[in-house]
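Analysis of the macromolecular model
Next come the chains, spelled out residue by residue.
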Amino acid sequence: MNHVVLMGRLARDPEVRYTLGEKPIAVARYSLAVDRRGAKRDGSEQTADFISCVAFDRAGEFAEKYFRQGLRVLVSGHIQTGSYTNREGRKVYTTDIIIETQEFADSKGSGNGAGGQPSAAQSAVGDGFMNIPDGLEDEGLPFN
């Protein structure tokens, strides 16, 4: 099984490019700074890992529109490794998280400096649930 769930802050704004062809597809790349559990906080060692993430199509467009450096997000996906030869002729190995779902991890009013968060659905890829509209009382809900 290859499944990854991460929560961290964006180390930089997403870099978004579009594929060529009849129907261009967004490809968003961003790095998540993910704190290490149990790591020393006195500065004697690195306390976060910087994880490369790639989101495609609608998830990539969502990242382009709403994600900014410093924003805390929750992502899930799978690890994908690869390699390429750089301009100097050296083989470079890569490890990326291919995003399947992504959502905001901070509340709208938490003051994290991200701004511009949507008030509707906050998940880039539908999770099968809908948001309950504001002002809707207990009527019509299947639970109390």
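A brief look at the structure comes next. As the structure is a computational prediction, the values presented were derived from the model and not from experiment. Each chain has its residues counted from 1, following the order in which its sequence is written. The model is predicted, so local features are restricted to residues of pLDDT at least 70 and side-chain atom pairs to those at 80 or more, both for listing and for counting; the totals for chains, interfaces and linings are taken over all residues. Heavy atoms from the whole structure form the basis of all side-chain values; hydrogens and water molecules are not counted.

1. Things to note about the side chain of Gln 102
To qualify as a helix, a DSSP run of H or I must reach at least 4 residues; to qualify as a strand, a run of E must reach at least 2; elements of each kind are numbered from the N terminus. You can see Gln 102 is positioned in strand S6 (residues 91-104). Under the rule applied, a polar contact is a pair of N or O atoms within 3.5 Å (in protein, one hydrogen donor and one hydrogen acceptor; residues adjacent in sequence only if both atoms are side-chain atoms). At a separation of 2.7 Å, a polar atom in the side chain of Gln 102 contacts the side chain of Tyr 30. A polar atom in the side chain of Gln 102 sits 2.7 Å from the backbone oxygen of Ala 59.

2. Side note on the pattern of salt bridges
Salt-bridge detection follows one rule: a side-chain nitrogen of Lys or Arg within 4 Å of a carboxyl oxygen of Asp or Glu. Summed over the entire model, instances satisfying the criterion amount to five salt bridges. A salt bridge links Arg 9 to Asp 106, with the shortest nitrogen-to-oxygen separation between them at 3.5 Å. With a gap of 97 residues between them, Arg 9 in strand S1 (residues 4-10) and Asp 106 in the segment after S6 connect regions that are remote in the sequence. Its salt-bridge partner being Arg 17, residue Glu 15 comes within 3.3 Å of it at the nearest N-O pair. Connected through shared salt-bridge partners, Arg 9, Arg 72 and Asp 106 make up one network.

3. Quick look at the packing of aromatic side chains
Planes of paired rings set the category: under 30 degrees apart is stacked, over 60 is edge-to-face and the rest tilted, where pairs are Phe, Tyr or Trp rings (Trp by its six-membered ring) whose centres lie within 6.5 Å. Scanning all chains against the criterion turns up six aromatic pairs. Taking the centre distance of 5.7 Å and the plane angle of 85 degrees together, the rings of Phe 62 and Phe 67 count as edge-to-face. Type-normalised accessible area, obtained with a 1.4 Å probe on protein chains alone, sets the label of each residue: buried when under 20%, exposed when over 50%, and partly exposed for intermediate values. Taking relative accessible area as the criterion, Phe 62 reaches 10% and is therefore assigned buried. The exposure class assigned to Phe 67 is buried, which follows from its relative accessible area of 0%. The interplanar angle of 80 degrees and the centroid separation of 6.5 Å between the aromatic rings of Tyr 66 and Phe 104 together place this pair among those described as edge-to-face. Linking Tyr 66 in helix H1 (residues 57-66) with Phe 104 in strand S6, this pair joins segments that are 38 residues apart in sequence. Residues Tyr 66 and Phe 104 agree in their burial class; the two are buried. In textbook terms, an aromatic cluster arises when at least three aromatic residues are bridged by ring pairs, as seen for Tyr 30, Phe 62, Tyr 66, Phe 67 and Phe 104.

4. A short note on the pairing of S6
The pairing criterion for strands is at least two bridges between them, as found by DSSP. Bridge analysis of strand S4 (residues 48-56) against S6 gives two bridges, and the strand direction is parallel. When the sheet's bridge partners are listed, Val 54 is paired in S6 with Ile 98. Inspection of the sheet shows strand S5 (residues 72-85) paired to S6 by 13 bridges, in the antiparallel sense. From the neighbouring strand, Gly 82 faces S6, where its bridge partner is Thr 94. Linkage of S5 to S6, two consecutive antiparallel strands, is achieved through a turn of five residues, within which Gly 89 is found at a positive phi near 85 degrees.

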